[in-house]
Amino acid sequence: MFHKFTKAVAALALTTGLVTPAMAELSGTLRIISDMSNPAPRAIIEGLAADFDAMHPDLTVELEVVDRDAWKSQIRNALTANPPDVVNWYAANRMGPYVRAGLFEDVSDMWEEGAFPGLESVKGAMTMDGKQWGVPYTYYQWGIYYREDIFKELGLTEPATFEEEVANCQVVLDSGRKCYSIGSKFLWTAGGWFDYMNMRTNGFDFHMQLARGEVEWTSDEVRATFANWRRLIDMGAFVDDHQTYSWQEALPFVVKGEATAYLIGNFAVPHLREAGLTDDQLDFYQFPKIGDFPMGEDAPTDTFHVASNASNKEAARAFLQYVTSVDVQTAINGPDGLGQLPVNADASVADDEFIQQGFEMLSGNAPGGIAQFFDRDFPAEMASVGMEGLQEFMVFPDNLDDILNRLESARKRIYK
Amino acid sequence: MFPTPIEKRSRGAQISYQALLPVALLMWLLPLVAVALFSIRPLADFTNGNYWGVPSSFEFFTNYGKVFFESDMPRYMLNSFLITVPTVVGAVALSTMTGFALGIYRFRGNLLIFFMFIAGNFVPFQILMVPVRDLTVSAGLYDTKMGLVLFHIAFQTGFCTLFMRNFIRALPFELIEAARVEGIAEWRIFWFVVLPLMKPALAALAVLIFTFIWNDYFWAIVLTQGPDAQPVTAGITSFNSQFVAQYHLMSAGSIVAAIPPVAMFFLMQRHFIAGLTLGAVK
Amino acid sequence: MSTTTPEPGWLQRNRMTITPLLFLLPGVLFFLVYVISPIIQSFNISLYEWDGLGEATFVGLRNYEELASDRAFEISLWNNLKWLALYLLAIPAGLFIALFLNQNVVGIRLYKSLFFFPFVISQVVVGLVFSWFYLPREGLLNAVITTFGFDPLNILGDPTLATYGIIAAGLWPQTAYCMILYLTGLNAVDPEQIEAGRLDGAKGVRMLWHVILPQLKPATFIAFVVTIIGALRSFDLISIMTNGGPFGSTRVLSFYMFEKALSEYGFRMGYGSAIAVVLFLIMLVFIAYFLWSMYREERAARR
C-alpha cells in the first residue's frame, strides 16, 4: 500500500509544483492535530504528514493524533488555547460553533480561485454563511452490514421493506442470535438508527425539518418513528448491554456471529476484515423502505480546516490543496486505506465490493437526499441532548414520553 | 496490642489466621489480578471468549513490547517524569521555606496565613479551573509541561506547608534559640540547623508529592492535550483508543502507567507512610 | 537579643520580621496567584455569560436561576450526596482491615503493603481496572457471580447501579488509605490502658468502643477529612468509567462543571463557574469545620 502511496505523491509533487510554484518554498513548521486515531486512518494521516514533509524540505510537519471521541471535547480548547495550523473536523452544521466563534479560517478565496478542482459537488457541505471554511477529504455511506453466510444458512435474503426486515429479524432471533450489534456508549451510533428510522418513516424532508427545529419532537410523526423503532427493541433485536460498549467493542458480536447485522458507516469494514471476516461472509444492503418516501441516506463527510489563529497558514492551505488532489484522494480512500469514498470527482472509486456499493447507492439510489448525520445535521447542543435521549430510549423504551418532552423543551430553548 | 495478638490464641486460631491472610489479600486485589492476567494473554483468547481459563499462550513480551515500541506510551511516561520531578523539587523547596517561617516565627497573621494554605488545599479543583486555564493560556503556557508544573507547585504548596510547618513545630526549639544566642544569621539557621533535621520530612514529602502529581488526571486534561505535553494518566485514554477493545494491550498499558508510583511506594515505604499518616497519631 | 551588638542596622533590628516575610514570599505569591485569586475570579465569572474568548456579558444571577431548573444539575447534586454518604464507609472498612492486619506474624509487613497499594495507583488506572472488572461479558465480576448461580449484572450500563459501581471502585483505594491511618494509630495505642480495660473485663467490641476508639480519634479525624475531600473531588473515576453516562445518570457536580465549561458545544464558563461555586460552598461547610477543629487544637497546644 505504501508503495502505491508514494508513487501518487511523487506524481503530485510534479503537478502541484507547476501549478503553484509558491508551494515549493514552504518553510517553518506545520502543526496538524488529527482525530484519525483508529488504526487504518492513523496510518493514512501519518503517511500524509510524512509525505508532505518530504515534499517540502524546508518545512517540518508536526503531527499529533488524538482520540477521535475525545477530540470532540478537545477541539475548542485546541483552537483557542494553542492553535495548530490544520485540524480535522466534520462538515455541515457541525462546523457551526467554530465558524461562528471565528475559529476556522475562511478559505473561500481558494475555492474561488479553483484551488480545489473536482470538488464542486461537495462545496455545499463546506459552505456556511455563503463562505467555505475548509475541505472534505472523505465521505462514506451508512447502511446495514450483515453476515452473508449466516443469512444464507437461514435462507434469508436482503430485505427491501421494513416488514421483510422484521420478518428476517424474527428468523435470526429464533436461531439464537441477535439481529443487530450496536455499541452506544458514545451515543452517536444510536443517532444513526434514529436517522434511518425517521427518514424512512417520515421522509428525508421531514427529518431535515426536525433537524432545523421546525417541527416538534412530540409530534405524531416523530412518535411514529419511535413506534417503528420500538418494534425491533421489543423483539429483542439489539445486543444486550450496548450502552456499555463503544462501536468498536460491539464489532466482535458480528465477527463471532452472535449478531448478524450492524447499522454503521463503511469505516467499520476494515475492522471487520482485520478481525477475519472475508467478503463471502460480509455484505451490505441499503436500509429498507418503511413509508412511501424517496430514500434518503446518511453520508457523513470528514474534513480538514485551517485554524484562524494558525501560525503557518500558507503551509496549511497548501496541505488542504494536497489532501484533496486527485491522486491523494484515490490513494487514501482505497480499500487498503480508509476504505471510503473520495471527495474528488476525478479520483477513482476503489474496486472494492463495499466502496462500490456505497458509491452506487449514494449516486443512484438516494433520490430523497443526502444527510450528514444526526450529530452533524442537528445543532450541536440539540444533538448532544438528543443522543442521550435516544440511548435512553433504546434501553428503556417505556421512558419515551419523558424523553420526548425533554427533547421538545430543549428544542424550544436551543433554536430560540 | 489490640486486637489480642494471635500468638496468644489457640493453635487453631493461628492456623486459620495464617490461611485467611492470603485469601483475603487475593479477594482484595481481585480486580488487579484480573488485569494482570489479561495483560499476558494473546488476542486469540479474547476472540474465543477464553477470558478466565488457562491462557492459550504466554504473551508477556509481545504485549508489553507493543506498549513500549508501538505506541506513544514511552513519550507519555517521559512527560510524566518531566512534570512530576520539577513539581516535587519546586513544591518541597517552597514549602520548606514557608513551613520554616510559619513554624519558627511568631508574628501577626501567622495563623491566618497557615490557615489560608490549609483551606486552599481543600478546595475543589473546579473552582480554580476556569481562571487557571485562562491564566495558563494567556501566559502562552497552554499545552506545555511548564504550565502544568507551575500550577502543581502552587497548589501542592498548600498541603506541603501544612506538613512542613507541623514537622518543624515538633523540632526541639532550644536548638534554634541556642543558635540565635551564638549570633548566627537567620538564613544560616535555616540552612545549617533546621534543614538537616528535616531530612526525613523532605523524603516523605517528596515521595508523597511524586505520587500525587504522577496520578493527576484532571489538570492534565484541562491544561494539556496530545502527546507533546500530556502525562501518562491522560495519555492512556488515547493509548486505549489506539488499541480499542484489545483488552490484553490496554491492560498491559495500564500496568505500565501504574508502575512508577507503585515502585516509588515499595522502595520508600517507610517515608511514604510516615508522610501520609502525619497527624494520625498525636 | 539583638541589643547586644552595638548600633545594629535596620535589617538587623527587624530581622525577626523580615526573615519570615522573605521566606514566605515565594510560596504565598504562588498560592495567591494560582489558588486564592482564582477562587474569587470564579465567583465573579459565575455572574457572566462567557465563552472563554470574546466579551463576557453580565447576567447577574441568571446562571444560578438556570441551575435551579436544570435536571442534570439536580441529578449531579443527588449523586454528590450519595458519594458523600457512601464514601464514609471507607472509614469503618479501613478500621476493620487494620484490626485484621494488626498482628505480628511472619510476612505481615508485606501483607500490609499489598493491602495498601491500591491507594498508590492513579484513579485513572483504578477506573479502567474496575470498568473491565464490571464488563458484562468479559468481566471477572460476572464470571464469579454467575458461577454462584446469580444473574449477570451490567453495573455501569444500568442507571440505577452505575453510580454505586463507581463509588465502590472509589472505596477501594480510599479504604486502603483509612486502613493505613488506623494501623499507624493502633501502633500508638497505650498498652497500659488496654491492660486496664482487660482487668475491667472489657473484651472485643466493648474494648474497641470504650478503650481503643477514643485513642484513635486523631486517626479518625484525618480519615474523615480525607474521605470527605475525596468524595467531593470525585471526577477521574466518572470520567474514565462512564463519562457521565448512561444517559447522564452518573454525573456529579465536578464532572458536570467540566462538561459545561469545556463542552464541544460552546464553552459556558459562566455557567460552569456557577456549578463550581455551588460545589465550593458545599465543601466550605467541611473546610470551616476542619479549620475550626485545627484552630482549637492550635490554641490548646499553645497553652
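Because the structure is predicted, anything quoted here is derived from the model rather than measured.

Topic: the overall build of chain C
Tallying secondary structure elements over chain C gives 15 helices and two strands in all. Its C-alpha atoms give chain C principal-axis dimensions of roughly 90 × 75 × 30 Å. The proportion of buried residues among the 303 residues of chain C is 56%. Summarising the internal contacts of chain C: among those between residues at least 6 apart in sequence, 67% fall at separations of at least 24. For chain C, the exposed area adds up to about 13600 Å²; of that, 65% sits on carbon and sulfur atoms. Distance between charge centres in chain C, computed from 20 positive and 20 negative side chains, equals 9 Å.

A closer look at the domain arrangement of chain C
For an interface, size is often stated in terms of accessible area lost upon the parts coming together. Residue and element names in this part refer to chain C. Examined at the domain level, chain C breaks down into domain 1 (15-45) and domain 2 (70-302). Look at where the C-alpha atoms of domain 1 and domain 2 centre, and you get two points 31 Å apart. Each side of the interface is counted separately: domain 1 has four residues, and domain 2 has six residues. Summing the contributions of domain 1 and of domain 2, the shared interface buries around 400 Å²; its carbon and sulfur component is 82%. In terms of surface lost to domain 2, no three residues of domain 1 exceed S42, F43 and I45, which account for 85% of the buried area on that side. On the surface where domain 1 and domain 2 come into contact, there are zero salt bridges. Inspection of the domain 1/domain 2 interface yields zero residue pairs in polar contact (both at pLDDT 80 or more). Here the side of domain 1 that touches domain 2 is composed, by residue class, of three nonpolar, one polar and no charged.

Here's the deal with the nonpolar core
Of all hydrophobic cores here, the largest spans 204 residues; its most connected members are L128(B), M129(B), W219(B), F116(C) and I212(C). The leading source of residues in this core is helix 15 (residues 269-302) of chain C, at 15 residues. Non-local contacts of W219(B), meaning those with residues more than four positions away in its chain, are made with F125(B), L128(B), M129(B), V132(B), L148(B), F151(B), H152(B) and T224(B). Judged by nonpolar contacts, the second largest core, of 141 residues, contains A125(A), Y137(A), I182(A) and L251(A).

Notes on the state of the cysteines
Residue and element names in this part refer to chain A. All told, the structure shown has one disulfide over all chains when counted by the stated rule. Here C169 connects covalently by a disulfide to C179, the sulfurs 2.0 Å from one another. Negative torsions about the S-S bond denote left-handed disulfides, and the value of about 90 degrees found for C169 with C179 makes this one right-handed. One end of the pair, C169, is in helix 7 (residues 162-174); the other, C179, is in strand 8 (residues 178-181), with 10 residues separating them in the sequence.

Section: helix 14 (residues 253-261) of chain C
Note that an α-helix has 3.6 residues per turn; residues three or four places apart therefore point the same way. With eight of its nine residues buried, helix 14 of chain C lies for the most part within the structure. Along helix 14 of chain C, the residues classified as buried are L253(C), S254(C), F255(C), Y256(C), M257(C), F258(C), K260(C) and A261(C).

Observations regarding the packing of aromatic side chains
Within a pair of aromatic rings, the relevant descriptors are the distance that separates the centres and the angle that separates the planes. A complete count under the given rule lists 91 aromatic pairs over all chains for this structure. Summarising the aromatic geometry, the rings of F100(B) and Y105(B) are spaced 5.6 Å apart at their centres and angled 85 degrees between planes, so their arrangement reads as edge-to-face. The class for F100(B) is buried, based on a relative accessible area of 1%. Each ring, one from F218(B) and one from F235(C), has its centre 4.8 Å from the other, and the planes form 85 degrees; the classification is edge-to-face. One end of the pair, F218(B), is in helix 12 (residues 218-223); the other, F235(C), is in the loop between helix 12 (217-233) and helix 13 (236-241), on a second chain. Each member of the pair, F218(B) as well as F235(C), carries the same accessibility label: buried. These aromatic residues form a ring-pair network of at least three members: F125(B), F151(B), F155(B), Y217(B), F218(B), W219(B), F30(C), Y34(C), F235(C), F255(C) and F258(C).

A look at the sheet that holds strand 7 (residues 142-147) of chain A
All names here are of chain A. Taken together, the four strands give an open sheet; going across it, the order is 8-9-7-10, and neighbouring strands pair in mixed fashion. One side of each edge strand has no neighbouring strand; the edge strands of this open sheet are strand 8 and strand 10 (282-285). Direction aside, the axes of adjacent strands within the sheet are offset by 30 degrees on average. Pairing between strand 7 and strand 10: four bridges, direction antiparallel. Along strand 10, the bridge assignment pairs I144 with Y285. Set on the sheet, helix 7 makes contact with strand 7, strand 8, strand 9 (259-265) and strand 10; between it and strand 8 the angle comes to about 110 degrees. Each of strand 7 and strand 10 touches helix 14 (residues 353-364); the most contacted strand, strand 10, lies at about 5 degrees to it.

What to know about the sheet that holds strand 2 (residues 59-65) of chain A
All names here are of chain A. One open sheet holds the five strands; their spatial order is 2-1-3-12-6, and the pairing between them is mixed. At either margin of the open sheet sits one strand with a lone partner, and together these are strand 2 and strand 6 (135-139). Going from strand to strand, the sheet's axes swing by 25 degrees on average, the running direction of each strand aside. One ladder, built from four bridges, connects strand 6 with strand 12 (residues 301-306); its direction is antiparallel.

Quick word on the interface of chain C and chain B
The interface of chain C with chain B comprises 105 residues on the first partner and 102 residues on the second. Here chain C packs against chain B, burying approximately 9600 Å² in sum over the two surfaces, 78% of which is carbon and sulfur. Sorting the residues of chain C by area buried against chain B places F23(C), Y34(C) and W132(C) first, and these three jointly supply 9% of that buried surface. Summed over the shared surface of chain C and chain B, the result is two salt bridges. For R165(B), the salt bridge identified is with E298(C), shortest N-O distance 2.9 Å. Where chain C meets chain B, there are 17 residue pairs in polar contact (both at pLDDT 80 or more). A total of 23 residues in the side of chain C that touches chain B trace back to one element, the largest contributor, which is helix 2 (residues 15-45) of chain C. Residues belonging to the side of chain C that touches chain B are distributed by class as follows: 79 nonpolar, 16 polar and 10 charged.

Some words on a nonpolar patch on the surface
All names here are of chain B. A cluster of nonpolar side chains, contributed by L20, V23 and M27, occupies part of the molecular surface with about 310 Å² of accessible area. Take M27: it is sitting in helix 1 (residues 11-28). You can call M27 exposed: its relative accessible area is 61%.

Considering the environment of T96(B)
All names here are of chain B. Following the sequence through the fold, T96 ends up in helix 5 (residues 73-104). Put simply, T96 and A201 are 105 residues apart on the chain and 9.5 Å apart in space, counted from C-alpha to C-alpha. Beyond its immediate stretch of four places on either side in the chain, T96 contacts M164, I168, F190, L195, M198 and L202.

Overview of unusual backbone geometry
All names here are of chain C. Cis geometry is adopted by the peptide bond preceding P246, which originates at G245 and carries an omega value of -10 degrees. Along the chain, P246 falls in the loop between helix 13 and helix 14. Although it is not a glycine, F247 sits at a positive phi angle of roughly 40 degrees. Here F247 is to be found in the loop between helix 13 and helix 14.

Re the confidence of the model for chain C
In the predicted model, chain C carries a mean pLDDT of 90, and 97% of its residues have values of at least 70. Looking at the elements of chain C, mean pLDDT is at its lowest for helix 1 (residues 10-13) of chain C, recorded as 76, and at its highest for helix 5 (residues 90-101) of chain C, recorded as 96.

Brief notes about the domain arrangement of chain B
Residues and elements named next belong to chain B. Domain annotation of chain B identifies domain 1 (6-63) and domain 2 (69-276). Of note, the centres of domain 1 and domain 2, computed from C-alpha atoms alone, are 34 Å apart. At the junction of the two partners, domain 1 supplies nine residues and domain 2 supplies six residues. On the surface where domain 1 and domain 2 come into contact, there are zero salt bridges. Where domain 1 meets domain 2, there are zero residue pairs in polar contact (both at pLDDT 80 or more). Elements with a contribution of two residues or more to the side of domain 1 that touches domain 2: helix 2 (30-38) and helix 3 (43-47). Of all the elements, helix 2 adds the most residues to the side of domain 1 that touches domain 2, at three residues.

The rules behind the values
- Residues numbered from 1 in each chain as written.
- Chains lettered and ligands numbered in written order.
- Predicted model: local features only at pLDDT ≥ 70, side-chain atom pairs only at ≥ 80, totals over all residues.
- Heavy atoms only, no water.
- Helix = DSSP H or I, 4+ residues; strand = E, 2+ residues; numbered from the N terminus.
- Buried < 20%, exposed > 50% of the residue type's maximum accessible area, 1.4 Å probe, protein only.
- Contact = heavy atoms within 4.5 Å.
- Areas by Shrake-Rupley, 256 points an atom, 1.4 Å probe, with all protein chains shown as cover.
- Lys, Arg positive; Asp, Glu negative; His and termini not counted.
- Charge placed at Lys NZ, Arg CZ, Asp CG, Glu CD.
- Domains from an automatic or database assignment.
- Buried area = accessible area lost by both parts, 1.4 Å probe.
- Salt bridge = Lys/Arg side-chain N within 4 Å of Asp/Glu carboxyl O.
- Polar contact = N/O pair within 3.5 Å; in protein donor to acceptor, adjacent residues only side chain to side chain.
- Nonpolar A, V, L, I, M, F, W, Y, C, P; charged D, E, K, R; others polar.
- Core = buried A, V, L, I, M, F, W, Y, C linked by side-chain atoms within 4.5 Å.
- Disulfide = S-S within 2.5 Å.
- Phe/Tyr/Trp six-rings, centres within 6.5 Å; stacked < 30°, edge-to-face > 60°.
- Pairing = 2+ DSSP bridges.
- Axes fitted to C-alpha atoms, helices over the stretch in contact; angles between N-to-C directions.
- Patch = residues over 30% accessible without salt bridge, like charges linked within 9 Å, V, L, I, M, F, W, Y side chains within 5 Å.
- pLDDT = per-residue confidence, 0-100.

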